[in-house]
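# Residue-level structure breakdown
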Amino acid sequence: MFRHVEIKGTFAMEECLIKNWCRHFEEFLEILTRNTQLISVMCRDLEFCVGPRRDKPTNNRMCRAIADFLGSQRHLKRAEGVELIRKLAEHNRQSLKHPVIRQSFDNVHIDKEQALKAAQTLPTFADLTNLTTLGMEYSLIFENMFPRPSNDIQTIKRCQKRVLSKLILNYYCDMEIEDFRGLTSTDWQFLKTLYPDLQVELSISTEYPTLRELEFLIVLNMPISQLDYRNDPFDKEIEINELFDHLLRCRTNDHLVDLQLDWKWPIEDFVSTFNPFLHACRKLKYLKLKIDYSASGIEALLESWLENRPPSLKKVIIDVSNTHDEDDYPTSINCTEYVPLLKLAGLNIRVNFHI
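Residues numbered from 1 in each chain as written. Predicted model: local features only at pLDDT ≥ 70, side-chain atom pairs only at ≥ 80, totals over all residues. Heavy atoms only, no water.

### Side note on empty space enclosed by the protein
Using a probe with the size of a water molecule, rolled over the atoms, empty space left in the structure can be pinpointed. Across all of its chains, the model carries two cavities of 30 Å³ or more by this definition. Quantified by volume, the second largest cavity comes out at close to 40 Å³. Every residue along the wall of the second largest cavity is listed here: Tyr138, Leu169, Leu183, Trp188, Phe216, Leu217 and Met222. Its residues placed into classes, the lining of the second largest cavity shows seven nonpolar, no polar and no charged. (1 Å grid on protein atoms, 1.4 Å probe; cavity = no way out; pocket = protein on both sides within 12 Å on 5 of 7 lines; lining within 4 Å. Points joined across faces, edges and corners; volume = space filled by probe spheres on them. Nonpolar A, V, L, I, M, F, W, Y, C, P; charged D, E, K, R; others polar.)

Below, the structure is given as structure tokens:
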């Protein structure tokens, strides 16, 4: 009767405990193979149980159990895990619509050469017949699944028959961009030609934000409809104006519908910083802003919206944390005056101050 299953590997120093877990895991997969047709399956942290760390007989049994299980599932629409995607491409080309791929190996235990070898055995976009949504971390795997303008004509024709409409990409600060070749504006233009309705939802979380990192991740012709950008307060090498300027250079404003910004550094002038960019985003409907420093200036931004609000903006959430500065109290009072007026004007807005 199961339809959705999540399997998480276990880590133990005692070899006998891992072997016991593997035995129970095999038995569970056998039961699923005999009795269940899943819609979604997720496997995480199996590197502790399957792979070069295990003895060969155990490893072979585990791999065979996984392969038999995946071969028995004909209705999967969503799958998560690198090894799963490889097997599902063989058995579920017609049904798989929403795969989510995450690195199955910790960077400590696998080097770039090993990761590249694994990535080269994965299916491409063209191999998954009904793929509509692909969610994954930015990785060698993603770069190798990406169709290139130099690909043969047959591959291009296969891609043109596909229905891919959404890419959900996640980037975390522990990734070294030097290990990747990166995708150019030409690559994205080619993908947009193959999939005219494609939208990209991009999430960036970084501890040391730099313009170089931003230029690597966001390029011209990348159809970003949703951007979630978060920076942590360890170091600052990029100003918020540089972020907006780069997005404008890449014409991200032509596609952006949803902008979520978690900014940990002071913003001097909210009006001159936000309004030019927000007015350039003709499709932007949702803005979520979280700041951790002084909110002085937010009331001026809200006041400006009473006369000249970004035309497409429908919903705004502003969260202000760590409001210890006395200057923030007048700001919070003024905001409570502007918020009702903006609501009457048709903007769904909420401003929260957290001490």
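### Remarks on the environment of Ile291
With respect to the secondary-structure elements, Ile291 resides in strand S10 (residues 286–291). The class for Ile291 is buried, based on a relative accessible area of 2%. Sequence separation between Ile291 and Phe353 is 62 residues; the distance between their C-alpha atoms is 10.0 Å. Discounting residues that sit within four places of it in the chain, Ile291 has contacts with Trp263, Ile267, Phe270, Ile298, Asp319, Val320 and Ser321. (Helix = DSSP H or I, 4+ residues; strand = E, 2+ residues; numbered from the N terminus. Buried < 20%, exposed > 50% of the residue type's maximum accessible area, 1.4 Å probe, protein only. Contact = heavy atoms within 4.5 Å.)

### Brief notes about the packing of aromatic side chains
Enumeration over the complete set of coordinates arrives at six aromatic pairs. Considering the side-chain rings of Trp21 and Phe25, the 5.0 Å spacing of their centres and the 25° angle between planes classify their relative orientation as stacked. On the criterion of helical spacing, the pair formed by Trp21 and Phe25 is a turn pair, its members being four residues apart in helix H1 (residues 15–35). Here Phe25 falls in the buried class, since its relative accessible area comes to 5%. Ring pairs connect the aromatic residues Phe244, Phe270, Phe274 and Phe277, which therefore count as one cluster. (Phe/Tyr/Trp six-rings, centres within 6.5 Å; stacked < 30°, edge-to-face > 60°.)

### Digging into a nonpolar patch on the surface
A cluster of nonpolar residues, Leu306, Leu341 and Leu344, forms a patch on the protein surface that exposes about 310 Å² of accessible area. Within the secondary structure, Leu344 is located in helix H12 (residues 328–344). (Patch = residues over 30% accessible without salt bridge, like charges linked within 9 Å, V, L, I, M, F, W, Y side chains within 5 Å. Areas by Shrake-Rupley, 256 points an atom, 1.4 Å probe, with all protein chains shown as cover. Salt bridge = Lys/Arg side-chain N within 4 Å of Asp/Glu carboxyl O.)

### So, the nonpolar core
Membership of the largest hydrophobic core comes to 69 residues, with the highest contact counts inside it found for Trp188, Ile218, Phe274, Leu302 and Trp305. Setting aside its immediate chain neighbours within four residues, Leu302 contacts Ile318, Cys335, Tyr338, Val339, Leu342, Ile349 and Val351. Counting 16 residues, the second largest nonpolar core, distinct from the first, contains Trp21, Cys22, Cys43 and Leu70. (Core = buried A, V, L, I, M, F, W, Y, C linked by side-chain atoms within 4.5 Å.)

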